[in-house]
Amino acid sequence: LLIACTTAAGGDTGTAFALSLPAASGYATTIITAEHVIDACTNPSTGAFVSLARGGQTLPVHLRAYDPREDVAILDTTATLPTLKPAAAPVVGEFLMAVGNPLGVNDNVTSGNVSQVYPSYFLDSAPISNGSSGGPVVDRSGNVVGIVDAGAVADANTPVVQNLNIALRLSRLCPTVLSGSSCAALH
């Protein structure tokens, strides 16, 4: 899913995905993304708004909750969309795929491996670019292992960086943007 935050000054685009979690009352599908993708749209008084698109069609979307510190956001839509299921906890060496909308290329899929696992995130080698943020990182079965967050970039201290990327573990959704029994399945 392509997610966009539109402000008076322009906007940001990224990726979101439908996760098999209970939707808020009056909605059909729960949507997950990285908070930094929609950060400029979290204050409704600015006139900024979030939009969601699938296959060129704009879908209604409502921002349920977000946490800038954990960099996660949960939204709901009245559209009924196919959902992804949460996977087991990531394991070093595990094959995975990152799905996103990098640089305007919709539904791009890259592959790599988990290289390090930490309590709230993991490192992986599936190539990502601007626009991939918020997308799902999935295992061989298509179940969500994590949320694309960021890629390491070269600077004066680290002149070469190749496919060293950060994915957030689904457990980061709890307890700030999601709580209750839904959290039991999130690793």
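All values derive from a computational prediction rather than experimental measurement.

### A word on the overall build of the chain
For step 1, the next point in the chain: Looking only at helices and strands, one finds 1 helix and 14 strands in the chain.
For step 2, the next point in the chain: Compactness check: the chain gives a C-alpha radius of gyration of 16 Å against a globular reference of 16 Å for 187 residues, within 12% of the reference.
For step 3, the next point in the chain: Expressed along its principal axes, the backbone C-alpha trace of the chain runs to roughly 45 × 40 × 30 Å.
For step 4, the next point in the chain: Taking all 187 residues of the chain together, the buried fraction comes to 43%.
For step 5, the next point in the chain: Long-range pairs, those at least 24 residues apart, make up 60% of the contacts in the chain with a sequence separation of at least 6.
For step 6, the next point in the chain: With the model as given, the accessible surface of the chain reaches about 8900 Å², and the carbon-plus-sulfur share is 53%.

### Remarks on the sheet that holds strand β1 (residues 2–7)
For step 1, the next point in the chain: Reading across from one edge, β2-β1-β5-β6 is the order of the 4 strands in this open sheet, with antiparallel pairing throughout. For this open sheet the edge positions go to β2 (10–15) and β6 (57–59), each flanked by a neighbour on one side alone. Pairwise comparison of adjacent strand axes, ignoring direction, gives a mean angle of 30° for this sheet.

### Points about the pattern of salt bridges
For step 1, the next point in the chain: Taken as a whole, this structure holds 3 salt bridges when the rule is applied.
For step 2, the next point in the chain: Two residues, Asp76 and Arg64, come together in a salt bridge whose shortest N-O distance is 2.7 Å. You can see Asp76 sitting in strand β8 (residues 72–77) and its partner Arg64 sitting in strand β7 (residues 62–67), a full 12 residues away along the chain.
For step 3, the next point in the chain: Among the residues examined, Asp76 registers a relative accessible area of 0% and is labelled buried.
For step 4, the next point in the chain: A salt bridge links Arg172 to Glu70; the nearest nitrogen and oxygen atoms lie 2.9 Å apart.

### Digging into unusual backbone geometry
For step 1, the next point in the chain: Looking along the chain, the bond that leaves Cys174 and enters Pro175 is cis, with omega of -5°.
For step 2, the next point in the chain: Located in the positive-phi region is Asp71, a residue other than glycine, with phi close to 60°.
For step 3, the next point in the chain: For Asp71, the location among the structural elements is in the loop between β7 and β8.
For step 4, the next point in the chain: Overall, Asp71 belongs to the buried group, its relative accessible area being 11%.
For step 5, the next point in the chain: In this structure, Leu103 is a non-glycine residue whose phi angle is positive, near 50°.

### Side note on the environment of Leu173
For step 1, the next point in the chain: Counting through the fold element by element, Leu173 comes out in the segment after β14 (165–169).
For step 2, the next point in the chain: For Leu173, a relative accessible area of 0% gives the class buried.
For step 3, the next point in the chain: Between the alpha carbons of Leu173 and Ala65 there is a distance of 9.7 Å; along the sequence they are 108 residues apart.

### Observations regarding the state of the cysteines
For step 1, the next point in the chain: Considering all chains together, one arrives at 2 disulfides under this definition.
For step 2, the next point in the chain: Put simply, Cys5 and Cys41 are joined by a disulfide, and their sulfur atoms are 2.1 Å apart. Here Cys5 and Cys41 share a disulfide; its torsion about the S-S bond, 105°, makes the bridge right-handed. Note that Cys5 is positioned in strand β1 and Cys41 in the loop between α1 (35–38) and β5 (49–54), a separation of 36 residues in sequence.
For step 3, the next point in the chain: For Cys41, a relative accessible area of 7% gives the class buried.
For step 4, the next point in the chain: Residue pairing for Cys174: its cysteine sulfur links by disulfide to Cys183, the two sulfurs lying 2.0 Å apart. In this structure, the disulfide formed by Cys174 and Cys183 twists by about -100° around the S-S bond and is classed as left-handed.
For step 5, the next point in the chain: In the chain, the bonded cysteines, numbered by position in the sequence, are linked as 1-2, 3-4.

What counts, and at which threshold
- Residues numbered from 1 in each chain as written.
- Predicted model: local features only at pLDDT ≥ 70, side-chain atom pairs only at ≥ 80, totals over all residues.
- Heavy atoms only, no water.
- Helix = DSSP H or I, 4+ residues; strand = E, 2+ residues; numbered from the N terminus.
- Rg over C-alpha atoms; globule rule 2.2 N^0.38 Å.
- Buried < 20%, exposed > 50% of the residue type's maximum accessible area, 1.4 Å probe, protein only.
- Contact = heavy atoms within 4.5 Å.
- Areas by Shrake-Rupley, 256 points an atom, 1.4 Å probe, with all protein chains shown as cover.
- Pairing = 2+ DSSP bridges.
- Axes fitted to C-alpha atoms, helices over the stretch in contact; angles between N-to-C directions.
- Salt bridge = Lys/Arg side-chain N within 4 Å of Asp/Glu carboxyl O.
- Disulfide = S-S within 2.5 Å.

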